[in-house]
Amino acid sequence: MGKVKCDSTQYLNMIVYLDNNIFISIEDNEIDFENFKGFFTEKPSFVYSYAHIVELLEAKHNLDHLQNRRLNTILYVTNNLYSFPTGDQINFTVENSEDVMNFLTYEQK
């Protein structure tokens, strides 16, 4: 099992990684996120990763609208708490999802 590194102790509670489909269901009002949070016995920290951004960048239909919508949903759900691996470690930091998207877009060129 790898290590976990976090840049702030305020995030050292329960970490929850949601599948991209959950973000979509929140956007489509199929899941009430405020109600969803009530299912947890302790206050979780929701995170996103580069995989969420990659899936967004792979979308073909109405990309500009979808990007704005998804980035806002990521901010709303995760407060931009970003999860990323380095070696055998999982790191957590606050990173603007638009910055991550711009970095990945630049890397793909």
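These remarks concern the structure in this document. Keep in mind that this is a model prediction, so the values were computed, not measured.

## Concerning the pairing of strand β5 (residues 89-94)
Residues in a regular strand point their side chains to alternate faces of the sheet.
Consideration 1: Pairing between strand β4 (residues 81-86) and β5: six bridges, direction antiparallel. When the sheet's bridge partners are listed, Phe84 is paired in β5 with Asn91.
Consideration 2: With antiparallel pairing between neighbouring strands as the criterion, β4 and β5 make up a hairpin whose turn holds two residues, including Gly87 at a positive phi of roughly 60°.

## Observations concerning the pattern of salt bridges
Consideration 1: Within the structure shown, the criterion is met by four salt bridges.
Consideration 2: For Glu27, the salt bridge identified is with Arg70, shortest N-O distance 2.5 Å. Here Arg70 lies in helix α4 (residues 63-78) and Glu27 lies in helix α1 (residues 20-27), a separation of 43 residues in the sequence.
Consideration 3: Through salt bridges with shared partners, one network takes in Glu27, Asp28, Arg69 and Arg70.

The rules behind these values
- Residues numbered from 1 in each chain as written.
- Predicted model: local features only at pLDDT ≥ 70, side-chain atom pairs only at ≥ 80, totals over all residues.
- Heavy atoms only, no water.
- Pairing = 2+ DSSP bridges.
- Helix = DSSP H or I, 4+ residues; strand = E, 2+ residues; numbered from the N terminus.
- Salt bridge = Lys/Arg side-chain N within 4 Å of Asp/Glu carboxyl O.

The analysis is restricted to geometry; functional conclusions fall outside its scope.
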